[in-house]
Structures are given as structure tokens and as C-alpha cells.
Amino acid sequence: MEQKPSIPKGTRDFGPLEMSRRNYIFNTIRKVFEKYGYQPIETPAMENLSSLLGKYGEEGDKLLFKILNSGDYLAKIDDELLKEKESLKLSTQISEKGLRYDLTVPLARFVVQHRNEIVFPFKRYQIQPVWRADRPQKGRYREFFQCDVDVIGVDSLLNEVDLISVIDEVFSKLNINIVIKLNNRKILSGIAQAIGQPESMMDITMAMDKLDKIGEDKVYEELHERNISDESIEKLKPVLRLTGDNQSRLNSLGELIGSTDDGALGLEEIHTILKYLKPMNLKSPIEIDQSLARGLNYYTGAIIEVKAQDVSIGSICGGGRYDNLTGIFGMPGVSGVGVSFGADRIYDVLTELKLFPQEAGALTKVLLINFGENETPYALNILNKLHSAGISAELFPEPAKLKKQMKYADQKQIPYVVLIGEEEMKTETLTLKNMQSGDQAKITVDELIKKVE
RNA sequence: GUGGAUGUAGCUCAGCUGGUUAGAGCACUGGAUUGUGGUUCCAGGGGUCGUGGGUUCAAGUCCCAUCUUCCACCCCA
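The model shown is predicted, which means the values in this text are computed figures rather than measured ones.

**Brief notes about the pattern of salt bridges**
- Counting across every chain of the model gives 21 salt bridges.
- The salt bridge partner of Arg321 is Glu160, with a shortest N-O separation of 2.9 Å. Taken together, the residues Arg321 in strand β10 (residues 315–322) and Glu160 in helix α7 (residues 158–173) connect sequence positions 161 residues apart. Across the pair, exposure class does not vary: Arg321 and Glu160 are buried alike.
- Ionic pairing is found between Glu234 and Lys237, a salt bridge with its closest N-O pair at 3.5 Å. Here Lys237 and Glu234 lie together in helix α12 (residues 230–240), a separation of three residues that amounts to about one turn.
- Residue classification places Glu234 among the partly exposed residues on the basis of a relative accessible area of 47%.
- One continuous salt-bridge network, built from bridges that share partners, spans Asp203, Lys210, Glu222 and Arg226.

Quick look at the structure:
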């Protein structure tokens, strides 16, 4: 072979088996979304760079894929700028489009742009790929799918309850045991206030979020490096060490941060959500986790994260409440709450637990063997009858050796093979072979349809 | 972006301190079996050893660069 073809770093091909499994995941998710009244939208793969830049922080800007302008894009650039060799300055001159980085910013843009056509509360879902110029790693790709569900335009905590219920149902349909972890940004802010470092909330929460991963002592080390005073760290200790069931955690948190404005608000929100969740009889346990932060700094209220119980793979779904989502596009005062399902990680969980259903594989039920020109019209007639009966069937497209045709059926895991030769034509029958048992018998078309239906 | 590992047939890998013609299993093709797959047996095709440079009488093997993939960190889904 001259040159092996390849695909860009961090991207993947999906073969037929993977596709049927991925579709199983997407279809399950989609069905639940629609059952709860969420409507689909799609947005373009590329957005104007101006819509994307500055929305994900400095790091995020670096991870954006930028698209070169069409035509002779260097012609209009003046030589001074080229000489400077400053990629960042230059990039805005030669590129005005970029691939979307997530589905939330496009949603905000969509809501602002179509505000007069949208019915609020806007319950929408969106399942599309996003792109990040990150360095690929285990379970991290440069192109991956997000499955987002959001409610826009209503502050009620019933939306949080609705989404948690969606999460519960999706994973119960997929047979994955999960824990739904819950926190609130206002509680985090209350913690920062209570320990006397309200301005360092980001640093504190980012360090706290790593508790599971690096342990208590390392968290303190990191806090120290981030210039949090020893006195504050001392005050933080009882918060970090909180354990026990939700009620006792909430009680303790009440004592520790209940006196702060934000803390009190956050605790009240969590109480309300828990109260509403009670009558819903969810299958999955809800766990209050005061150290849960999640990266995105635009969350303002509830923070939700889902972990698989039987696999250690990190979070497979997460989200939260963000006030003023559309403010960045000049439409203030619209809040939203949403969660995103990580399809790729869910795929890995289902693979590891061997939970993909059997059908996710074979599509064709019956293969008609091609014996040659004389038999083809007869076979086509049977094929047509099978299709009319709604049965997935195919005729092998050339009169190849039987061995080859049988092997084809075997490899595609087609359960039934129909042979029609001279003899079957004469007697108006066909020979049906069950590929699993190896049994075969002469039957009529009607009997065939009844059998495989 | 930082650090570490990796790359040999379509796939998974072996190949000694450099030494003749680079191997295995699986997959593929043909035959045993011209109307029967999944098992078995036999035969066959397929490799510029990631790419480019260097050291050497001699490089898959040693050195440098570069790319890929993987792992950890940063960050994130």
C-alpha cells in the first residue's frame, strides 16, 4: 500500500456495530426527552467566531477550531501584521468562523436570535457533535457528541426536578445504576464567605472538587498554593469532612454557612428540590455533595452530576442552573437550567457492563440466496412479499458460490436463509434454513412470513 | 500547553548484546465439500519495519528530528 489513509487526531470512525449501539443510546435518550416535552433543535457546526470567542475563558479560546476564510485570505492583510507573527492577532483577521465548542453557547445565541418565535419556557434538546482542539486522551476526543437538555426562561426549581427525573429515567432505561450528586453554587459561595475568603470562591471550589481524586491533604496543599490563608483552610476543614446522609449534611451545613446570605439561599433551594423529588419515587439515590463544583463557572444555582455505580469512569452526565445565559448576547434576565449526557462515556459504561441489547447488531432477518438468472424473478417476488409484510430481507446481489453467500449471512448474523433453486420453483416452495440451529425445511411463502414475523 | 511511553502484515503482537531470505495467531483468498455458513485439514496472497536524516562493512534493532497513538498533569465531556 502506498500511503495509509488516516483521520485527524482525536476523531473516530464508527462502524456498523458501533453505530447501532450509539443509536441505541441516542434513541433511548431522545425518547425520554420527548416524553417530558423537550423539543429538538439543531444549530450549524460552525458559528461566527465572534459568538464563540471569550465565552469559555482564555483556555477555551485556545481550544477553538478556527476555520480559514475562503479565497485569498492573506491578500488583504498588511505586511506589518504578518511580520509580527502574532498568531492570535492574525487569526481574527484570516478567520471569522469556528467550530462549535459546546451546545450551550449556540443555544444562547439561538434563543436571542429567535426570541420572538420561541414559546417560553423553552424546553429543548440537542444532540450534535462538538469540537475541541484539546490533546486527546482516554475518553477524550477532539470531536464528540453532546446530548443537551435545557429549560430556558423560567426560574422555578421545578425545572431542576424535571431534569433530575429525566436523568433517572434515561439511566434506568439503559440499565445503568447511578448516583445523582447535587450541590448548589450558592452553597459554594456561602462556604467561601463563611471562611472569610469570598473573593477566592473559584480557587476554593476548584480545589474542593478534587477531594475524591487527590484526598484531603492534597486539597489543603493546593489551597495553600492558591494563597488561601491557613486560618481559612482551618475553617474549611469541617465543611470538607461532612459525611452522612443528606439530612445530616444539610443540618451541619446550616450551622456552618447558614448565616451567610448565599449559603442560606442555596440550602433553601436544595431543600425545595429534595421536597419536590420525594413524591417522584426516583430509582436512583440522590446525594448532597458539598464538594461538587464542576468546571463551568457560569453555573449560579443547582449543580448536578451523575456517576455510574458499577464502573469507575468519572461523571457520565452533568449540568446545572445558569442565570443570565443570554446576557452575553445582549438579552439579560433569562435564566436556564440544563444537563448534558456524555454519550461516549455512556457507551464505555454499557460496553464494560455488557449491557447492550442483543438486537443491536443484526438488521436483516432473511437472506435470499441468489442461484442465477432463472431463479431471480421468483426470488424477487418472494423478496417483495417479505418487504410488504414489513420483514427486513435482502437478496444476495450476484449468483456467487453458495459458500460465499452462506458466509455472508453468517457474518452479518442474519438468522434465516432462503434457498430457491429449480426444485423449489417447480413445487412453489422454498427451503428455509435456520442459521442458528442449522435446521432446514421446505415451506411456502406464507409460512415463511408467519415464521419470521 | 508540560512530562513519560509507543509505532513491525487488515488486526493483536514476537523478533536476543546490530549479522544472510522479517515471523506467529487471527482475518482474507482458493481447495478438501461444483445446493449449504459457523468446526476441522491443506495451500496461497499480503510488510519501502510510522516518516526523514545520521552512525556502521552491515540497522526492524543504535542516535537525532518529526508525526501518530496511549498514559499522567493542566483543563474538561
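**Some details on helix α14 (residues 261–277)**
- Its 17 residues give α14 an end-to-end C-alpha distance of 25 Å, which sits within 8% of 24 Å, the value for a rise of 1.5 Å per residue.
- Turning to α14, its buried residues number three or more, namely Gly263, Gly266, Leu267, Glu269, Ile270, Ile273 and Leu277. The buried residues of α14 occupy an angular sector of 160 degrees when projected down its axis, which confines them to one face. Facing away from the buried surface of α14 by more than 90 degrees, the exposed residues are Asp261, Glu268 and Lys275.
- Looking at the packing, one finds that the buried side of α14 touches α7, β7 (178–184), α8 (185–194), α13 (246–257), β8 (286–288) and β9 (302–308).
- Its side-chain oxygen at 3.1 Å from the backbone nitrogen of Gly263, Thr260 defines the N-terminal cap of α14.

**Quick notes on the protein's contact with RNA strand B**
- Around RNA strand B, 38 residues are found, and the nearest of them are Lys9, Arg132, Lys138, Met435 and Gln440.
- Here Gln137 contributes a side-chain N or O atom positioned 3.3 Å from a base nitrogen of RNA strand B.
- Considered class by class, the residues forming the surface near RNA strand B number nine nonpolar, 11 polar and 18 charged.

**Some words on the pairing of strand β5 (residues 122–131)**
- Counting buried residues in β5 gives nine out of 10 residues, a clear majority hidden from the surface.
- Across two bridges, the pairing between strand β1 (residues 39–40) and β5 is parallel. The residue of β5 that forms the bridge with Gln39 is Arg124.

**Digging into the side chain of Arg124**
- With respect to the secondary-structure elements, Arg124 resides in strand β5.
- Polar contacts involving the side chain of Arg124 include one to the side chain of Gln126, which spans 2.4 Å.
- Looking at Arg124, its side chain comes within polar contact range of the side chain of Asp150, at 2.5 Å.
- Those residues in contact with Arg124 that sit more than four places away from it in its chain are Tyr38, Gln39, Ile41, Leu103, Leu107, Asp148, Val149 and Asp150.

**Comments concerning the packing of α8 against α14**
- The interhelical angle for the contact between α8 and α14, taken along N-to-C directions, is 150 degrees, at an axis separation of 7 Å. In terms of axis orientation, α8 runs roughly antiparallel to α14. Of the two elements, α8 crosses α14, and the hand of that crossing is left-handed. Taking contact as the criterion, the partners of Lys186, Ile187, Ser189, Gly190 and Gln193 in α8 are, on α14, Asp261, Asp262, Gly263, Leu265, Gly266, Leu267, Glu269 and Ile270.
- For the contact of α8 with α14, a count of residues per class yields four nonpolar, five polar and four charged.

**A closer look at the environment of Pro198**
- As for its position among the elements, Pro198 is in the loop between α8 and α9 (201–208).
- Looking at Pro198, the relative accessible area reads 46%, which means it is partly exposed.
- The residues touching Pro198, leaving out its near neighbours within four places in the chain, are Ala192 and Gln193.

Parameters at a glance
- Residue indices follow the written sequence of each chain, beginning from 1 at its first position.
- For this description, chains carry letters from A and ligands carry numbers from 1, given in the order in which they are written.
- Reporting in this predicted model follows two pLDDT cut-offs: at least 70 for local features of residues, and 80 or more for side-chain atom pairs to be given and counted; totals over whole chains, interfaces and linings ignore these cut-offs and use all residues.
- Side-chain metrics rest on all non-hydrogen atoms present in the structure, leaving aside hydrogens and water.
- A carboxyl oxygen of Asp or Glu within 4 Å of a side-chain nitrogen of Lys or Arg is what we treat as a salt bridge.
- Secondary structure is summarised from DSSP: a helix means a run of H or I of at least four residues, a strand means a run of E of at least two, and numbering begins at the N terminus for each.
- Each residue is placed in one exposure class: buried if its accessible area under a 1.4 Å probe, protein chains only, is under 20% of its type's maximum, exposed if it is over 50%, and partly exposed if it falls in between.
- Multiplying 1.5 Å by the helix residue count minus one yields the expected span of that helix.
- This arc corresponds to the set of directions leading from the helix axis out to the C-beta atoms.
- In this analysis, two residues are considered to be in contact whenever any of their non-hydrogen atoms come within 4.5 Å of each other.
- Within 3.5 Å is the distance limit for a polar contact, defined as a pair of N or O atoms, with the added protein rule that one can donate a hydrogen and the other accept it, and that residues adjacent in sequence qualify only through two side-chain atoms.
- Residues are classed as near a molecule or strand on a simple rule: at least one heavy atom within 4 Å of it.
- Any residue outside Ala, Val, Leu, Ile, Met, Phe, Trp, Tyr, Cys, Pro, Asp, Glu, Lys and Arg is labelled polar, Gly included; the first ten of those are nonpolar and the last four are charged.
- DSSP calls a pair of strands paired once it identifies at least 2 bridges connecting them.
- An axis is simply a line fitted to the C-alpha atoms; with a helix, the fit covers only the stretch in contact. Between two such axes, the angle follows the N-to-C directions and lies from 0 to 180 degrees.
- Roughly parallel covers angles under 35 degrees, roughly antiparallel covers those over 145, roughly perpendicular covers 65 to 115, and oblique covers all other angles.
- The hand of a helix crossing depends on one turn: near helix anticlockwise from the far one by less than a right angle means left-handed, and clockwise means right-handed.

The analysis is restricted to geometry; functional conclusions fall outside its scope.
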